[in-house]
Amino acid sequence: MLTEEELKKLPDNPSKATASPGKDTMLYINKGTVDNPVWVLIGGQRNTPLSRKANTLDASHKASGGWGSKVPGLKDWSIEYSGLMIESDEALQILDYCFTQGKQANVKIAYPGGYYRTGWGFITAFSDDNAHDAISTVKITIEGNGPISELKKEAGGSSPSSP
């Protein structure tokens with residue numbers, strides 16, 4: 001049997017590269033102001049994929065040797081949120097209000113290691129699914145209005161938490 005001291009001397013992997021678990025990426029909505037944001041965690045999250053894309057412009061010309069040429073055009077982003085319907089969730093109430101009132105939402109995607117992106121978007125879809133034999137769920141589409149920020153680092157380097 002190994003001693004406690006021998007176990008502590010076992011080697012560590014020198015590579016610090018590890019995959020980022022999706023369960024640690026969280027979506028927040030701002031219920032404060034632009035100057036003093038108060039980030040509220042959207043409860044019941046299951047998936048919050050961020051999609052960033054650019055449309056394609058045809059830059060083909062007669063002297064291109066018979067080959068087409070494409071360049072990126074306007075960029076946009078969206079988030080396709082899916083999660084559980086948590087009746088008392090303040091963030092879902094804010095998202096529902098933004099949808100019904102046509103108000104933009106200020107959102108934040110927080111990644112492990114204290115990194116995040118923020119942006120403004122409209123709620124363009126808000127669906128709930130209430131099957132007789134399953135948990136009620138919500139699907140929400142947030143379409144960006146303007147850019148989503150570059151990846152930033154939280155002061156202190158830890159992931160943000162709900163107030």
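Just above, that's the structure.
Predicted model only: the values in this text are computed from it and were never measured.

1. Examining helix 2 (residues 90-101)
Because each turn of an α-helix spans 3.6 residues, side chains separated by three or four positions in sequence point in the same direction.
Moving on, step 1. Between the first and last C-alpha of helix 2 there are 16 Å, a value that for 12 residues agrees with the 16 Å anticipated at 1.5 Å per step.
Moving on, step 2. Regarding helix 2, the residues found buried are Ala-91, Leu-92, Leu-95 and Cys-98. One face of helix 2 carries all of its buried residues, which in axial projection span an arc of 120°. Opposite the buried face of helix 2, at more than 90 degrees from it, the exposed residues are Gln-93 and Thr-100.
Moving on, step 3. Among the residues of helix 2, the N-terminal cap falls to Asp-89, whose side-chain oxygen and the backbone nitrogen of Ala-91 are separated by 3.4 Å.
Moving on, step 4. Once helix 2 finishes, Gly-102 follows within two positions and takes phi at roughly 65°, a positive value.

2. Brief notes about the nonpolar core
Moving on, step 1. Leu-27, Ile-42, Leu-95, Ile-140 and Ile-142 are the most contacted members of the largest nonpolar core, which has 19 residues in total.
Moving on, step 2. Taken together, the elements giving at least two residues each to this core come down to strand 1 (26-30), strand 5 (70-84), helix 2, strand 6 (105-111) and strand 8 (137-144).
Moving on, step 3. For this core, the element with the highest residue contribution is helix 2, accounting for 4 residues.
Moving on, step 4. Dropping the residues within four chain positions of it, Ile-42 is found in contact with Leu-27, Tyr-28, Ile-29, Tyr-81, Asp-89, Ala-91, Leu-92 and Leu-95.

3. Structural notes on the packing of aromatic side chains
Moving on, step 1. As enumerated under the stated definition, the model contains 1 aromatic pair in all.
Moving on, step 2. When the ring of Phe-99 is compared with that of Phe-126, the centres are 6.3 Å apart and the planes differ by 35°; the resulting orientation is tilted. Of this pair, Phe-99 sits in helix 2 while Phe-126 sits in strand 7 (residues 115-129), and the two are 27 residues apart along the sequence.
Moving on, step 3. Taking the relative accessible area as the measure of exposure, Phe-99 reaches 35% and is therefore partly exposed.
Moving on, step 4. Cation over ring: Lys-108 sits above Tyr-116, and NZ or CZ is 4.5 Å from the ring centre.

4. Some remarks on the pattern of salt bridges
Moving on, step 1. Summed over the entire model, instances satisfying the criterion amount to 3 salt bridges.
Moving on, step 2. Ionic pairing is found between Lys-31 and Glu-90, a salt bridge with its closest N-O pair at 3.1 Å. With Lys-31 in the loop between strand 1 and strand 2 (39-41) and Glu-90 in helix 2, this residue pair connects regions lying 59 residues apart in the sequence.
Moving on, step 3. Here Lys-31 falls in the partly exposed class, since its relative accessible area comes to 43%.
Moving on, step 4. Linking Lys-108 and Glu-154 is a salt bridge whose minimum nitrogen-to-oxygen distance equals 2.5 Å. Note that Lys-108 is positioned in strand 6 and Glu-154 in the segment after strand 9 (152-153), a separation of 46 residues in sequence.
Moving on, step 5. The buried category is assigned to Lys-108, whose relative accessible area is 4%.

Reading the values: the criteria
Residues numbered from 1 in each chain as written. Predicted model: local features only at pLDDT ≥ 70, side-chain atom pairs only at ≥ 80, totals over all residues. Heavy atoms only, no water. Helix = DSSP H or I, 4+ residues; strand = E, 2+ residues; numbered from the N terminus. Expected span 1.5 Å × (residues − 1). Buried < 20%, exposed > 50% of the residue type's maximum accessible area, 1.4 Å probe, protein only. Arc of directions from axis to C-beta. Polar contact = N/O pair within 3.5 Å; in protein donor to acceptor, adjacent residues only side chain to side chain. Core = buried A, V, L, I, M, F, W, Y, C linked by side-chain atoms within 4.5 Å. Contact = heavy atoms within 4.5 Å. Phe/Tyr/Trp six-rings, centres within 6.5 Å; stacked < 30°, edge-to-face > 60°. Lys NZ or Arg CZ within 6 Å of the ring centre and 35° of its normal. Salt bridge = Lys/Arg side-chain N within 4 Å of Asp/Glu carboxyl O.

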